[in-house]
Amino acid sequence: MACASCSTSDGSAPKGCKNNGTCGTDSCNKLTVFDWLSNMSLPNGEAPFDCVEIRFKNGRKEFYRNTEKLTLSMGDIVATEASPGHDIGIVTLTGELVKIQMKKKGIKPTSNDITKIYRKASQKDVDIWSAARDKEEKIKVRARELAIEHKLEMKISDVEYQGDGTKITFYYTANDRIDFRALLKDFAKEFSSRIEMKQIGFRQEASRLGGIGSCGRELCCSTWLTDFRSVNTSAARYQQLSLNPQKLAGQCGKLKCCLNYELDTYMDALKEFPDFETKLQTEKGDAICQKQDIFKGLMWFAYTNNFANWHVLKIEQVREIIAINKEKRSVTSLEDYAVEVIIEPQKDFNNAMGQESLTRFDQPKKKKRPNKTKKPVSSATTGERILITPKQPTIIRPTTGANQNEAKPIIVPKVVQTTPPNSTAEKAGNANRNKNKNRNRNAKNRNNSNNSANSSKPINKDEPKK
């Protein structure tokens, strides 16, 4: 326990909660009740109510009788009667409000079944209780392993140690009855304590474990809701909600309890609406209701021969048409009673306060530089990766001779095979190579002819050299 308002964070003796049940630290705010009668004094001669509400692990609450006339306040840790031994709990409610809570749960204050409070817990009691609470998580894991070994279709959801450490209570959920007699023997050997098994429902499991709902708040069943009413799919239909089990189901797997919160308001509003199955008789034909707007009091009708066009009518106009139809008369058309629905303009919020972008603190992304490295090219037919390397073109020069200056060099580019053989691109490359070979052969022939012509000429020694 680590509650600052209850003065139990440093391990000292509890002094009582100073917030009248609205403690906001640790687990003291679980299923709390605000004592709005705490500052009111009792009339003269009136004895305070002798029963006290005490909370145990995960919201389990019970009523005990204060036979020793102890001065108790919210947050006090007390030792209560148990079977066998004693248990340790926290006082959550005292005074006249306890009588109201007992009346809600159907418990008579004069009943002899109400157990009593022994004393305020001492430091030794708190230490034994804390040590027992620390063992619960390991025991729960081991208990689940034993249940799996026995192949039992059950889920052990929670484990609770008694305050004196003599008894362990296992809370489990199951769809059918479970024969766990062999499992109890293994539990007794493994944990060397008195064992008690309690089957709870799926809603009670969610209330004990707690969690966060789809609304973003803590579960109602684990914070303030104590009575679990049955929830039907008709509650969703009356509120015109889509029957999507993923959205309507809570963490317990059942329908959400909050479907009942506004159901009474919807039922009162629907009393003013005509029946949804009502047919309106007109000269153009019968009309059937397609949609209702409970908040605005509107109904959409469509002719049976033309369901594409809907006509909006107010519920007063619908009642008027129904009254005319009861007189065995029919109205001209729905268009005479239709209401023009004004579409509200969409609100566009301008940046009037000069707010900046939410990504103003993000680092800008670096631009990718062009990659100058050699990229392998994959073949379209065989998937082979062929590396293309740039090569300098080959320059063919004519041989030395008399007409050396007149002859021009011929540049022949190199051709690199980039595709596998037996392909159309390879055939085109072969054709280009054949053209280049013919061009080189013609150039050589021209050079040879020039050389032969020069060699056939007589050499004149007296002629000056050019």
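Structural notes, computed from the coordinates. These numbers come from a predicted model, not from an experiment.

### Some thoughts on the pattern of salt bridges
Counted according to the given criterion, the structure contains 22 salt bridges. Where glutamate 96 meets lysine 99, a salt bridge forms, and the shortest distance between an N and an O atom there is 3.4 Å. Within this pair, glutamate 96 and its partner lysine 99 are both found in helix H1 (residues 96-104), separated by three residues, close to a single helical turn. Overall, the relative accessible area of 25% leaves glutamate 96 in the partly exposed class. According to the relative accessible area criterion, lysine 99 is partly exposed, its value standing at 37%. For glutamate 136, the salt bridge identified is with arginine 133, shortest N-O distance 3.7 Å. On the basis of relative accessible area, glutamate 136 is assigned to the buried category, the value being 5%. When its relative accessible area of 31% is taken as the criterion, arginine 133 is described as partly exposed. Each of the salt bridges in this network shares a partner with another, and the network as a whole consists of Lys57, Arg60, Glu62, Asp87, Arg133, Glu136, Asp158, Glu160 and Arg208.

### Here we look at the sheet that holds strand E4 (residues 86-93)
Read around the closed barrel, the five strands follow the order E1-E2-E5-E3-E4; overall the barrel is mixed. On average, adjacent strands in this sheet sit at an angle of 55 degrees to one another, irrespective of strand direction. Bridge analysis of strand E1 (residues 51-55) against strand E2 (residues 61-65) gives five bridges, and the strand direction is antiparallel. From the neighbouring strand, valine 52 faces E2, where its bridge partner is tyrosine 64. In the packing of H1 onto the sheet, contacts are made with E1, E2 and E4, and the angle to E1 comes to roughly 75 degrees. Its contacts with the sheet put helix H2 (residues 123-134) on strand E3 (77-81), E4 and strand E5 (115-120), and the angle it makes with E4 is roughly 100 degrees.

### Topic: the sheet that holds strand E10 (residues 285-293)
What the four strands build is an open sheet, ordered E9-E10-E11-E12; its pairing is antiparallel. In the strand order of this sheet, the two ends are held by strand E9 (279-282) and strand E12 (306-314), each with one partner. Across this sheet, the average inter-strand angle for adjacent strands is 35 degrees, counted without regard to direction. The sheet strands contacting helix H10 (residues 315-326) are E9, strand E11 (298-303) and E12, and the helix crosses E12 at an angle near 105 degrees.

### Details of the pairing of E9
Of the two faces of E9, only one is covered, namely that formed by Leu280 and Thr282; the face formed by Lys279 and Gln281 stays uncovered. Relative to E10, E9 is paired through four bridges, and the arrangement is antiparallel. By the bridge assignment, leucine 280 is partnered in E10 with alanine 287. Where E9 hands over to E10, the hairpin turn is made up of two residues, counted between the paired strands.

### Some words on the nonpolar core
With 20 residues, the main nonpolar core has Met154, Ile156, Ile168, Phe170, Phe187, Phe191 and Met197 as its most contacted residues. Only helix H3 (136-149), strand E6 (155-161), strand E7 (167-173), helix H4 (181-191) and strand E8 (194-199) provide two or more residues apiece to this core. Looking at this core element by element, the count peaks at four residues for H3. Once residues lying within four places of it in the same chain are set aside, the contact partners of isoleucine 156 are Lys140, Ala143, Arg144, Ala147, Phe170, Tyr171, Tyr172 and Phe187.

### Notes on H3
Within an α-helix, residues lying three or four positions from one another point in the same direction, as the helix has 3.6 residues per turn. Here H3 is 14 residues long and its end C-alpha atoms lie 20 Å apart, about the 20 Å a rise of 1.5 Å per residue gives. Residues of H3 that are buried include every one of Glu136, Ile139, Lys140, Ala143, Leu146 and Ala147, and no others. Down the axis of H3, the sector holding all buried residues measures 125 degrees, keeping them to one side. Pointing more than 90 degrees away from the buried face of H3 are the exposed residues Lys138, Ile148 and Glu149. In this fold, the buried residues of H3 make contact with H2, E6, E7 and H4. Positive backbone phi, approximately 60 degrees, marks lysine 151, located one or two places after H3.

Each value, and the rule that gives it
Here, residues in each chain are numbered from 1, in the same order as that chain's written sequence. Reporting of local features is limited, given that this is a predicted model, to residues whose pLDDT is at least 70; pairs of side-chain atoms are given and counted only at 80 or more, and all residues count toward the totals for whole chains, interfaces and linings. Neither water nor hydrogens contribute to the side-chain values; these are computed over all heavy atoms in the structure. Salt bridges are counted wherever a side-chain nitrogen of Lys or Arg sits within 4 Å of a carboxyl oxygen of Asp or Glu. The secondary structure listing takes helices from DSSP runs of H or I that are at least 4 residues long and strands from runs of E that are at least 2 residues long, numbered from the N terminus. The buried label goes to any residue with under 20% of its type's maximum accessible area, the exposed label to any with over 50%, and the partly exposed label to all in between, with areas taken from a 1.4 Å probe on protein chains only. By definition, two strands form a pair when at least two bridges between them are found by DSSP. For helices, the fitted line uses only the C-alpha atoms of the stretch in contact; every axis is such a line through C-alpha atoms, and the angle between N-to-C directions lies from 0 to 180 degrees. We call two residues in contact whenever any of their non-hydrogen atoms come within 4.5 Å of each other. Residues belong to one nonpolar core when they are buried, are Ala, Val, Leu, Ile, Met, Phe, Trp, Tyr or Cys, and are joined through side-chain atoms within 4.5 Å. Residue count minus one, scaled by 1.5 Å, sets the expected span of a helix. Working note: the arc is built from the helix axis to C-beta atom directions.

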